[in-house]
Amino acid sequence: MASLACWVPISALAQTPALAMPQGTVLLEADGAIHRRNAGTTAQFDLAMLDALPQTSFSTTTIWTEGMVSFSGPTLMSVLDSIEAEPGQITAIAANEYSIALSPDTVDASYPILATRKNGLPFSLRESGPIWLIYPFDSYEKYRNDLIYSQSVWQLIQLRVNAP
């Protein structure tokens, strides 16, 4: 009986599957040192894709809103994990072109979150949405300072991952 040998490069076995394509309006794009993409060199997310990631919620006051506000959405880290981002500098970019490099010591597995809901409802660009990178200011004193406030990017549309 003849046997058929088949050679498959190990790199082909280890290839990362592409990210699913967004079916709705693209709310967030990530680029740079990422391994899972769905649009050329970028990863694009619609609301359903962000909702499919593990969700975190908290209520807090902010210096930009009145009273206690509830925020919910995936953690920044879960979004970065979903696109297999390399460790490195993360830059958050808003619709108005505001951008800031996030300080590595202010990002962990729990916070910040990419809030896609405010008081339980999706919120528009006019309401500082549809994504707000935000920390639980009232929960931890370490989040009540000018550095964290500057990193709390509303109208977030892009994440750029720069490998070291």
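Use the structure listed above.
What counts as what
Residues numbered from 1 in each chain as written. Predicted model: local features only at pLDDT ≥ 70, side-chain atom pairs only at ≥ 80, totals over all residues. Heavy atoms only, no water. Buried < 20%, exposed > 50% of the residue type's maximum accessible area, 1.4 Å probe, protein only. Helix = DSSP H or I, 4+ residues; strand = E, 2+ residues; numbered from the N terminus. Pairing = 2+ DSSP bridges. Patch = residues over 30% accessible without salt bridge, like charges linked within 9 Å, V, L, I, M, F, W, Y side chains within 5 Å. Areas by Shrake-Rupley, 256 points an atom, 1.4 Å probe, with all protein chains shown as cover. Salt bridge = Lys/Arg side-chain N within 4 Å of Asp/Glu carboxyl O.

Visitor: Could you give an account of the pairing of strand β4 (residues 69–74), with specific residues and numbers?
Guide: Within β4, five of the six residues are buried, leaving the element largely enclosed by the surrounding structure. When strand β3 (residues 55–60) meets β4, the two strands line up antiparallel, connected through six bridges. Along β4, the bridge assignment pairs Gln 55 with Pro 74. Relative to strand β8 (residues 117–118), β4 runs antiparallel, the two being bridged by two bridges. Looking across to β8, one finds that Ser 72 is bridged to Arg 117.

Visitor: Talk me through a nonpolar patch on the surface; I want residue IDs and the actual numbers.
Guide: The grouping of Ile 63, Trp 64 and Trp 154 at the surface amounts to a nonpolar patch, some 280 Å² of accessible area in total. Counting through the fold element by element, Trp 154 comes out in the loop between α4 (146–151) and β10 (156–162).

Visitor: So what about the pairing of β10? Which residues, and what values?
Guide: Both strand β1 (residues 28–32) and β10 contribute to a ladder of four bridges, which runs parallel. Note on β10: the bridge partner recorded for Asp 31 is Arg 160. Pairing of strand β5 (residues 89–94) with β10 involves six bridges; the strand directions are antiparallel. Within β10, the position partnered with Ala 92 by the bridge is Leu 159.

Visitor: Can you tell me about the pattern of salt bridges, naming the residues and giving the values?
Guide: In total, this model carries three salt bridges according to the counting rule given. Salt-bridge contacts for Arg 160 lead to Asp 31; the nearest nitrogen and oxygen are separated by 3.2 Å. With a gap of 129 residues between them, Arg 160 in strand β10 and Asp 31 in strand β1 connect regions that are remote in the sequence. Overall, the relative accessible area of 12% leaves Asp 31 in the buried class. Of the charged contacts, one joins Asp 51 and Arg 117 as a salt bridge, the two residues approaching to 2.9 Å between their closest N and O atoms. Taken together, the residues Asp 51 in helix α2 (residues 47–51) and Arg 117 in strand β8 connect sequence positions 66 residues apart.

Fair warning: the whole summary comes from geometry, so function is off the table for now.
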